[in-house]
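Descriptive structure summary
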Amino acid sequence: MKLMLVGTRVVAVAAAGVLLAGCGGSGSKDKDRPDPKPSGSAKQGGPATGGEKTGASGKPDPKQSTLPGALPSAYDFTPDPARVPKNAAQARKLTRNAALGENDWTAGMVRHTPYESGGSWPVLPDSCVWTRSALPSGVLDSFTRRLDIPAQGGKGRVQGAVTVTVHRTEAGADKEIKDTVQESFRCPNQELGGGQRLSGLMSLQFDQKDVRNADASLFEAGKYTGPESGGVQDYVWSKSRIGPVTTAVSVKGAKGYTNTDLLRIAAEGGAKVLYRVELELK
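One structure accompanies this document, and this report is about it. (Residues numbered from 1 in each chain as written. Predicted model: local features only at pLDDT ≥ 70, side-chain atom pairs only at ≥ 80, totals over all residues. Heavy atoms only, no water.)

Our focus in this paragraph is the overall build of the protein chain. When helices and strands are counted, the protein chain shows four helices and ten strands. Taken across its 282 residues, the protein chain has 52% of its residues classed as buried. A total accessible area of about 12400 Å² is found for the protein chain, and carbon and sulfur atoms account for 53% of it. (Helix = DSSP H or I, 4+ residues; strand = E, 2+ residues; numbered from the N terminus. Buried < 20%, exposed > 50% of the residue type's maximum accessible area, 1.4 Å probe, protein only. Areas by Shrake-Rupley, 256 points an atom, 1.4 Å probe, with all protein chains shown as cover.)

Here it is, written out as structure tokens:
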């Protein structure tokens, strides 16, 4: 792993991130598989410069395990160039098909209010208070759905969100990943608006050899407080990239849920949205 943190807290974040880095179906093209936090800073994007992914990525050759249901030792999926969105309309179709609905993530989820948002871009200025702007020129579309696990049985309400973003190029999507990692170092404490606050954020980006269901992945953890949060809760978030498409899954904790519970919820959502992106691109 490419650890970008210092001190003993690295161990905790790295251990939690392992669950998210390897979860989900195989990325191998010859095997069938079972079925925001914000997207990044405003610095991303740029003019279109290329298209199809080539074999010059430096990734190791995949070696399939003989264990039933095992993941390959390396990610091996190449988007069909004909299926990669070339304009905003095509991108909007992909983001809405890939984003998870209330019946797609985990049992018992319901729509949050607001449920959907899109067509704008999150910006984290030096004030560390998130704002929104128009989509950068290098982004064709970005779309978010928000889903909750309702409060019940003495437990609080867990809030989840999934964002799918289509860039014009793989380079633009990769820059989003790299910029996002740096945001937690620039702003370890962030204001989301509406009285919501993230604190103590820590991020890491995985080496490609450790990622088995995407071209790149990162993990972030911290604490969340907000209206009706019931105090300080755990917060976990992951972002991944397949070709020019990025996916982000965030989970805000609640009373009665452990950090491990949140990691499982995030890993399930992350794996499913990545699989749906593959279906759109294959």
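Text resumes after the structure shown.
Let us now look at the state of the cysteines. As used in these notes, a disulfide is a covalent bond between sulfur atoms, one from each of two cysteines. Following the criterion strictly, the structure yields one disulfide and no others. Bridging Cys-128 to Cys-187, the disulfide has an S-S length of 2.0 Å. An S-S torsion of about -80° defines the bridge between Cys-128 and Cys-187 as left-handed. Taken together, the residues span a long stretch of sequence, with Cys-128 in the loop between β2 (120-123) and β3 (131-134) and Cys-187 in the loop between α3 (170-186) and β6 (190-193) at a distance of 59 residues. Here Cys-128 falls in the buried class, since its relative accessible area comes to 13%. (Disulfide = S-S within 2.5 Å.)

The subject of this paragraph is the nonpolar core. Within the largest apolar cluster, 40 residues are counted, with the highest numbers of intra-cluster contacts made by Trp-105, Val-164, Ile-242, Val-251 and Leu-281. Considering each element in turn, this core owes the most residues, eight residues, to helix α4 (residues 259-281). Membership of the second largest hydrophobic core comes to nine residues, among which are Ile-177, Leu-198, Leu-201 and Ala-248. (Core = buried A, V, L, I, M, F, W, Y, C linked by side-chain atoms within 4.5 Å.)

Residues of helix α2 (residues 88-98) that are buried include every one of Ala-91, Leu-94, Thr-95 and Ala-98, and no others. Within α2, the buried residues cover an arc of 95° as seen down the axis, which keeps them to one side. Lining the buried residues of α2 we find β4 (139-149), β5 (158-167), β10 (245-252) and α4. (Arc of directions from axis to C-beta. Contact = heavy atoms within 4.5 Å.)

Before going further, it helps to examine the side chain of Thr-144. Here Thr-144 lies in strand β4. A distance of 2.6 Å separates the side chain of Thr-144 from the side chain of Thr-163, its partner in a polar contact. Look past the residues within four positions of Thr-144 in its chain and what remains in contact with it is Tyr-115, Glu-116, Ser-117, Ala-161, Val-162 and Thr-163. (Polar contact = N/O pair within 3.5 Å; in protein donor to acceptor, adjacent residues only side chain to side chain.)

Turning to the environment of Glu-268, a few remarks are in order. Among the secondary structure elements, Glu-268 is positioned in helix α4. Beyond its immediate sequence surroundings of up to four residues, Glu-268 is in contact with Trp-105 and Thr-106.

With that settled, the discussion passes to the pattern of salt bridges. For the structure shown, the criterion picks out 16 salt bridges. For Asp-174, the salt bridge is made with Arg-241, and the minimal N-O distance between the two is 3.6 Å. Remark: Arg-241 occurs in strand β9 (residues 233-242) and Asp-174 occurs in helix α3; sequence separation between them is 67 residues. A relative accessible area of 22% means that Asp-174 is categorised as partly exposed. In this structure, the salt-bridge partner of Asp-234 is Lys-223, at a minimum N-O distance of 2.4 Å. Of this pair, Asp-234 sits in strand β9 while Lys-223 sits in strand β8 (residues 216-225); the two residues are eleven residues apart in sequence, bridging distant segments of the chain. A relative accessible area of 37% places Lys-223 in the partly exposed class. Beyond isolated ion pairs, a larger network of salt bridges with shared partners links Glu-170, Asp-174, Lys-178, Asp-215 and Arg-241. (Salt bridge = Lys/Arg side-chain N within 4 Å of Asp/Glu carboxyl O.)

Bringing the packing of aromatic side chains into the picture now. Counted by the stated rule, this structure contains one aromatic pair. Geometrically, the ring pair formed by Tyr-75 and Phe-77 is tilted, given 6.4 Å between the ring centres and 50° between the ring planes. We classify Tyr-75 as buried; its relative accessible area is 2%. For Phe-77, a relative accessible area of 5% translates into the label buried. (Phe/Tyr/Trp six-rings, centres within 6.5 Å; stacked < 30°, edge-to-face > 60°.)

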